[in-house]
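Take a look at the letters that make up each chain.
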Amino acid sequence: MALSVHDFQIAIICALKVECDAVQAVFDGFLEEHGDPPTMIRKAQWDTNVYTTGKIGHHNVVLAHMANYGIGNSAGVAANLRHTFPDIRVAFVVGVCGGMPKNKTADIMLGDVIISTEMVEYGLGRQMTHGLRPTNPLGSRPNTELRGYLNKMQGQWDMFRLQERAIKYLASPSLIPGQTKPEHPGMDKDNLFVSTHRHKHHEKGVCESRDKCVHDNDIPCVASETLDCATLGCHELVNRQPREFPTQPQVHFGKFGSADKVMKSSTERDRLAREYSLIALEMEGAGVWEKIPCFIIKGVCNYSDSHNNKNWQPYAAATAASYFKAFLVPWREVIINPKIVEIPGK
Ligand SMILES: [Zn+2]
Ligand SMILES: [Zn+2]
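Reading the values: the criteria
- Residues numbered from 1 in each chain as written.
- Chains lettered and ligands numbered in written order.
- Predicted model: local features only at pLDDT ≥ 70, side-chain atom pairs only at ≥ 80, totals over all residues.
- Heavy atoms only, no water.
- Axes fitted to C-alpha atoms, helices over the stretch in contact; angles between N-to-C directions.
- Helix = DSSP H or I, 4+ residues; strand = E, 2+ residues; numbered from the N terminus.
- Parallel < 35°, antiparallel > 145°, perpendicular 65-115°, else oblique.
- Left-handed = near helix turned anticlockwise from the far one by under 90°.
- Contact = heavy atoms within 4.5 Å.
- Donors = N, O, S within 2.8 Å, 3.2 Å for Na, K, Ca; no water.
- Tetrahedral: all angles 85-135°; square planar, octahedral: opposite > 155°, others 65-115°.
- Phe/Tyr/Trp six-rings, centres within 6.5 Å; stacked < 30°, edge-to-face > 60°.
- Buried < 20%, exposed > 50% of the residue type's maximum accessible area, 1.4 Å probe, protein only.
- Lys NZ or Arg CZ within 6 Å of the ring centre and 35° of its normal.
- Salt bridge = Lys/Arg side-chain N within 4 Å of Asp/Glu carboxyl O.

A.B. asks: Would you explain the packing of helix α1 (residues 17-25) against helix α8 (residues 313-328) in this entry?
C.D. replies: Each packed pair of helices is defined by two parameters, the angle between the axes and the distance between the axes. Contact pair α1 / α8: the axes reach a minimum separation of 8 Å and the direction vectors enclose 40°. Accordingly, the angle class assigned to the pair α1 and α8 is oblique. Considering how the two elements wind past one another, α1 and α8 form a crossing that is right-handed. Side by side, α1 and α8 meet where Val18, Glu19, Ala22 and Val23 of the first sit next to Gln313, Pro314, Ala317, Ala318 and Ala321 of the second.

If you want it as C-alpha cells, here you go:
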C-alpha cells in the first residue's frame, strides 16, 4: 500500500545541508524505501520543492530541502508544500540559530535548543536613527492548537520527558555505517566574548591596515573577517559558570527574531534582546509562519556576534533535530484515514 499526499500532516523545512542531514538522522525510516509499493509522491504542477519522506514515531513526515537560506526562499517552499500536501497541519523549521546570551530569562549556551513561542520579523519595519523599528514589535503568536501544545510541553512532566527523549536520540548511533554523529566540541570552544570586544586584530604590527584596527573602538579591517579568534587574539571573555553536564543540551522556550541577515553585531544583538525580548535569531521562520502553523526549533551555533564561525553547526543541528523528534513524538494527528507503513525493525 503506497501512501498518498493526503497521508502527511507534518512537514519539516531545512535550509542548510547540515540541517537536512541532522533531521534525516532522527528518522525511524525512509518511506521511499518501505511499503509495497514504496511511497512515491506526485508533486503538484509547478511545485519546485525537493522532498524526502520518512517516519518518525507514528508520524509520516515530509522534509523540504531548501535551495538557499532566507525568508523569501522559505516562504516559497512553504507555499509549494501546501499545494502538494494539502493536509499539512504543522510545519517545523529545524536547524541552527544564533543565541542571545544577554536575555531576561535563560542562560543560553552553544548546543542548547530554542523552541519558538512567538516570532518577530525584526528586519521588516522603519529605519530610525537609533535602529530599525519592526512593523510588528510584539511579534506573532501561533494558533490555539500550537499554543496549547506549547503549554503542555512546558509542563513539569512533559518537559522532563522531552529532555530525557532528546538526550537519548542525540546519543543514538548514526545509521550510516562507519559514520559517527557530531559531538559536543568541548566547553573550552564555547567562547562568549564581552559585547564591546570586537573580532579584529588586537596586536600592533600584524594588520595590513597599518594598525588602524588594533584599538578597542576601531572598525575591523576586511582581512580580519575571515580569520579565526585564536589567530587574531580575541581574548575578553565573559566569565561564566560552566555546565555540569555540557553534553546534555538544555531547551529554552521563547521568542525568535527572524530576518534576512546574519547577525554579527553584539551591540545590535543586545538591543534586539532588550527591546523585543528575543532569545534567538534565525533566517527562515518568518517565511513559513504566516503560511502554515509553525514551530521553529533550532540549536544555538553562535552568539550572533562578530566572532561567530561554523564550527558548532553540525552539533547544534544534531541537538535541534533530537529535540524536534522529542517534541514531535507526543503530537497527535487528526486521523482521517490512517495508512501505516511498517518499517522492518521498528
Ligand atoms: Zn586588521
Ligand atoms: Zn574573535
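A.B. asks: For this particular structure, what's the right way to read the coordination of the zinc ion (ligand 1)?
C.D. replies: Coordination angles at a metal have ideal targets, namely 109.5 degrees for four tetrahedral donors and 90 or 180 degrees for six octahedral donors. The zinc ion (ligand 1) binds to the protein through His201 (ND1), Cys207 (SG), Cys213 (SG) and Cys221 (SG), with metal-donor distances spanning 2.0 to 2.3 Å. Of note is the zinc ion (ligand 1), whose four donor atoms meet at the metal with angles of 104 to 116° in an arrangement that counts as tetrahedral. Each donor residue of the zinc ion (ligand 1) belongs to the same chain, with the gaps between them written as H-x5-C-x5-C-x7-C.

A.B. asks: Would you mind going over the coordination of the zinc ion (ligand 2) with me for this structure?
C.D. replies: The protein atoms that coordinate the zinc ion (ligand 2) are His199 (ND1), Cys229 (SG), Cys234 (SG) and His307 (ND1), at distances of 2.1 to 2.4 Å. Seen from the zinc ion (ligand 2), its four donor atoms lie at angles of 102 to 121°, and the figure they make is tetrahedral.

A.B. asks: How should the packing of aromatic side chains be read in this particular structure?
C.D. replies: Aromatic rings considered in pairs are described by the distance between their centres and by the relative angle of their planes. Tallied over the full model, the rule gives 13 aromatic pairs. Their ring planes at 70° and their centres at 6.2 Å tell us that Trp312 and Tyr315 sit as a pair that is edge-to-face. With respect to class, Trp312 is no different from Tyr315; both count as buried. Taken together, Phe92, Tyr149, Phe253, Phe295, Phe324, Phe327 and Trp331 form an aromatic cluster joined through their ring pairs. The ring of Tyr169 is capped by Lys325, whose NZ or CZ atom sits 4.5 Å from the centre of that ring.

A.B. asks: In this structure, what is going on with unusual backbone geometry? I would like to understand it.
C.D. replies: Comment: phi is negative for the bulk of residues other than glycine, and the bulk of peptide bonds are trans. Look at Ser277: it is not a glycine, yet its phi comes out positive at around 55°. You can see Ser277 is positioned in the loop between α6 (266-276) and β10 (278-282). Classification of Ser277 by relative accessible area gives partly exposed; the value is 38%.

A.B. asks: Can you help me understand the side chain of Ser140 in this one?
C.D. replies: Within the element layout of this structure, Ser140 appears in the loop between β8 (131-134) and α3 (144-153). Judged by relative accessible area, which is 15%, Ser140 ranks as buried.

A.B. asks: It is not clear to me how the pattern of salt bridges should be interpreted in this structure. Could you clarify?
C.D. replies: If charged atoms from side chains of opposite charge come close, those side chains can pair. Summed over all chains, the structure comprises 15 salt bridges. With its nearest N and O atoms 3.5 Å apart, the salt bridge here joins Asp158 to Arg161. In this pair, Asp158 and Arg161 are both assigned in helix α4 (residues 156-171), three residues apart and thus about one turn of the helix distant. Measuring nitrogen to oxygen at the nearest pair gives 2.9 Å for the salt bridge that ties Asp270 to Arg269. Under the relative-accessibility criterion, Arg269 is labelled buried at 1%. Among the ionic contacts, a cluster of salt bridges with common partners joins Arg133, Glu268, Arg271 and Glu275.

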